[in-house]
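This is what each chain is made of:
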Amino acid sequence: MSDQIKFIVDSLNKEPFRKNYNLITFDSLEPMQLLQVLNDVLAEIDPKQLVDIREEMPEQTAKRMLNLLGILKYKPSGNATDMSTFRQGLVIGSKPVIYPVLHWLLQRPNELKKRAYLARFLIKLEVPTEFLQDETVADTNKQYEELMETFKTLHKEYEQLKTSGFSTAEIRKDISAMEEEKDQLIKRVEHLKKRVETVQNHQWMLKIARQLRVEKEREEYLAQQKQEQKNQLMKRLEEEIKFNLYMVTEKFPKEIENKKKELHFLQKVVSEPAMGHSDLLELESKINEINTEVNQLIEKKVMRNEPIEGKLSLYRQQFKRYVNKLRSKSTVFKKKHQIIAELKAEFGLLQRTEELLKQHHENIQQQLETMEEKKGVSGYSYTQEELERVSALKSEVDEMKGRTLDDMSEMVKKLNSLVSEKKSALVSVIKELRQLRQKCQELTQEYDEKKSQYDSCAAGLESNRSKLEQEVRRLREECLQEESRYHYTNCMIKNLEVQLRRATDEMKAYISSDQQEKRKAIREQYTKNIAEQENLGKKLREKQKVVRESHGPNMKQAKMWHDLEQLMECKKQCFLKQQSQTSIGQVIQEGGEDRLIL
């Protein structure tokens, strides 16, 4: 509690309160004074709370403070009973209630100021539904809600700008500085133009310098654009090459292998003797013959009265199995035949796709070779592919280490011969590359010579420019001095002309025979004012004399009236006191004596 009071006292002694309290004086404040301190803190957060609580009813003060504390989201500790105690303590100015509120308010004044400011615009006024039936009230309420949303948006933008680090003062300062610099540059350019006009062939030199600047900018732009196009093209080609390599080396071989397996299986199925319509008719005729034979046998057995079910049941089951098997094979054959047709169509489509991809790959390879020739590295991709293929072959050789030494030696010979062939094929490319390097060195040497010439020319122009800038600066300072001197002289001349005109008018009015004109003269007006002030001073001195003479009697009379008033008040008090006492007897006054009779 002592730390809390110490923090409150320290905060109240700072800006903007300046209360000049200490722990003893603050703790000895009356409830009304403590409430006034709380009200001052609330007024600093919300200026509408700036009132004198002595001129306000206690219930109204408590209601106003509770409303603002609710807006600021202050939550006193405790339950509903404690809330009623809090309200009562706020009304009577109880220290256990006021101190925590002050401590909470003084801990976060800036945050609470912002919350109070936003509450003025974001606390929605609840309009009864029966009033909203009116169109005017409904439109006004809708407009009010739209304005509230607009305020929210604008406040968010303001906070973002506030935290973004930009300062309007700095921006204005920068703008004014840039405008001044712009004016100075314009004046400098004009002055340089005037200076340059005296030089021979200045138009031609300016034209050449302008063309040089334009060509430089164009060269930079073209170089940047060329580099961007090169990067984009290389990136696109690399992506297409990677995609095509993936399709050719991974995806298509896997699909082709799967299709080959299916085709092999289907060919195996097809290689079996197919059952045509004649075969089916032949089988049906055989079935009919067997059925007739079975019926004949059954009739013979019936005539002989012999049980046949046990002997024929096995035969019937075998026959049914054979028929079912035959039907299932026929169904499978039809399905497989349809699948084969689909696979053939898909195989043709895949072959066409493979051809198109190979053609596209060849086109990309040609474009890549063209670019390599332009860049002076022709054959690079082919060489890289060959090297990759050689490395692939080498990896295959590494995988075949388990084989015999003769096979490995033969493979090594093949690789060596292949490498020697590739080296011999690269001889012409290396010769071309050497020629291109020599050409590049020549161009670099020419570029260095041109650059040295440009640097010497630019240094000469820069020295001339610095001299011209110094002279311009000196002339501008002289111009500013002369301009200020001119304005000062012009103002002095205008002031003297005004004074001379007033003096001429005064002389005309003073020597004029017309009384009306004389009255307009300043001298006459001042004379008249002096006379009026002298008369007023004379009257005031006479009045002062009268007051001074009557001061003593008047003060004496006032004192007598004051004594009379005290005497009457004393009699009144005595009378009231006598009336309040209980009568215990009778007082008789005779001959200057008082007698009490019980």
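Please read all numbers here as calculations on a predicted model, not as lab measurements. (Residues numbered from 1 in each chain as written. Predicted model: local features only at pLDDT ≥ 70, side-chain atom pairs only at ≥ 80, totals over all residues. Heavy atoms only, no water.)

**So, the overall build of the chain**
When you go through the chain residue by residue, the secondary structure sums to 16 helices and two strands. Taken over 598 residues, the chain has a buried fraction of 16%. Within the chain, contacts between residues at least 6 apart in sequence are counted, and of these 58% link residues at least 24 apart. Summing over all exposed atoms, the chain offers an accessible surface of approximately 49300 Å²; the carbon and sulfur share of this is 55%. (Helix = DSSP H or I, 4+ residues; strand = E, 2+ residues; numbered from the N terminus. Buried < 20%, exposed > 50% of the residue type's maximum accessible area, 1.4 Å probe, protein only. Contact = heavy atoms within 4.5 Å. Areas by Shrake-Rupley, 256 points an atom, 1.4 Å probe, with all protein chains shown as cover.)

**Thoughts on a nonpolar patch on the surface**
A grouping of Trp561, Leu564, Leu567 and Met568 is seen on the molecular surface, where their side chains present a nonpolar patch of about 440 Å² in accessible area. Position of Leu564 among the secondary structure elements: in helix α16 (residues 522-580). You can call Leu564 partly exposed: its relative accessible area is 39%. (Patch = residues over 30% accessible without salt bridge, like charges linked within 9 Å, V, L, I, M, F, W, Y side chains within 5 Å. Salt bridge = Lys/Arg side-chain N within 4 Å of Asp/Glu carboxyl O.)

**A few points about the packing of aromatic side chains**
Applying the stated criterion to the full structure yields seven aromatic pairs. Ring plane angle 35° and centroid distance 4.8 Å describe the contact between Phe121 and Phe151, whose orientation is recorded as tilted. Here Phe121, found in helix α7 (residues 109-122), pairs with Phe151, found in helix α8 (residues 135-163); they are 30 residues apart in sequence, far enough to count as distant. Residue classification places Phe151 among the buried residues on the basis of a relative accessible area of 18%. By way of ring pairs, the aromatic residues Tyr21, Phe26 and Tyr99 are connected into one cluster. (Phe/Tyr/Trp six-rings, centres within 6.5 Å; stacked < 30°, edge-to-face > 60°.)

**Comments concerning α7**
With 14 residues, α7 should cover 20 Å at 1.5 Å per step; its first-to-last C-alpha distance of 20 Å lies within 8% of that length. Looking at α7, one finds that the buried residues are Leu112, Ala116, Leu118 and Ala119. Next to the buried residues of α7 lie α3 (31-45), α4 (58-71), α6 (95-107) and α8. (Expected span 1.5 Å × (residues − 1).)

**Comments concerning the pattern of salt bridges**
Inspection of every chain in the model, using the stated rule, returns 14 salt bridges. Between Lys113 and Glu44 there is a salt bridge, with its nearest N and O atoms 3.2 Å apart. One end of the pair, Lys113, is in helix α7; the other, Glu44, is in helix α3, with 69 residues separating them in the sequence. Taking relative accessible area as the criterion, Glu44 reaches 31% and is therefore assigned partly exposed. Here Arg474 ties to Glu478 by a salt bridge, and the two come within 3.0 Å at their closest N and O atoms. Placement of both Arg474 and Glu478 in helix α14 (residues 405-511) is noted, with a separation of four residues, approximately one turn of the helix. Counted as one network, the salt bridges with shared partners bring together Arg188, Arg465 and Glu469.

**Overview of the nonpolar core**
In terms of nonpolar packing, the biggest core is built from 32 residues, with Leu12, Phe26, Leu38, Leu72, Leu102 and Leu105 touching the most fellow members. Every element with two or more residues in this core is listed here: α1 (2-13), α3, α4, α5 (80-92), α6 and α7. In this structure, Leu105 is in contact with Leu38, Val41, Leu42, Ile45, Leu69, Leu72 and Leu112, ignoring residues within four places of it in sequence. (Core = buried A, V, L, I, M, F, W, Y, C linked by side-chain atoms within 4.5 Å.)

**Here's the deal with the side chain of Thr61**
The topology assignment puts Thr61 in helix α4. Look past the residues within four positions of Thr61 in its chain and what remains in contact with it is Ile53 and Glu56.

**Here's the deal with the packing of α3 against α4**
At a minimum axis distance of 12 Å, the contact between α3 and α4 shows a crossing angle of 40°. As summarised for this structure, α3 and α4 are arranged oblique, according to the angle between their axes. When you trace α3 past α4, the crossing you get is left-handed. Contacts between α3 and α4 involve Leu35, Leu38, Asn39 and Leu42 from the first element and Arg64, Met65, Leu68 and Leu69 from the second. Of the residues contributing to the contact of α3 with α4, the split by class is six nonpolar, one polar and one charged. (Axes fitted to C-alpha atoms, helices over the stretch in contact; angles between N-to-C directions. Parallel < 35°, antiparallel > 145°, perpendicular 65-115°, else oblique. Left-handed = near helix turned anticlockwise from the far one by under 90°. Nonpolar A, V, L, I, M, F, W, Y, C, P; charged D, E, K, R; others polar.)

**Examining the confidence of the model for the chain**
Averaged over all residues, the pLDDT of the chain equals 77, while 80% of them reach at least 70. Within the model, the stretch residues 306-311 combines pLDDT values under 50 with four contacts to residues more than four positions away or in other chains. (pLDDT = per-residue confidence, 0-100.)

**Comments concerning the packing of α1 against α6**
Contact geometry for α1 and α6: axes closest at 9 Å, N-to-C directions at 55°. Here α1 is positioned oblique relative to α6, judged by the angle of their axes. Considering only the axes of α1 and α6, their crossing is left-handed. Mapping the contact onto sequence places Gln4, Ile5, Phe7, Ile8, Ser11 and Leu12 in α1 and Tyr99, Pro100, Leu102, His103, Leu106 and Gln107 in α6.

**Some details on the state of the cysteines**
One covalent bond between the sulfur atoms of two cysteine residues makes up a disulfide. With the rule as written, the count across this model stands at zero disulfides. Here Cys570 stays unpaired: no disulfide links it, and the sulfur of Cys574, its closest cysteine neighbor, is 4.3 Å away. On the accessibility criterion, Cys570 (44% relative accessible area) is partly exposed. Under the relative-accessibility criterion, Cys574 is labelled partly exposed at 46%. (Disulfide = S-S within 2.5 Å.)

**Here we look at unusual backbone geometry**
Following Glu15, the chain continues into Pro16 via a peptide bond in cis, with omega recorded as 0°. Here Pro16 is to be found in the loop between α1 and α2 (23-27). In the Ramachandran plot, Arg18 falls in the positive-phi region, its phi being about 55° despite a non-glycine side chain. Tracing the chain through its elements places Arg18 in the loop between α1 and α2. Given the relative accessible area of 60%, Arg18 is considered exposed. Phi at Lys73 is positive, roughly 65°, even though this residue is not glycine. Note on placement: Lys73 falls in the loop between α4 and α5.

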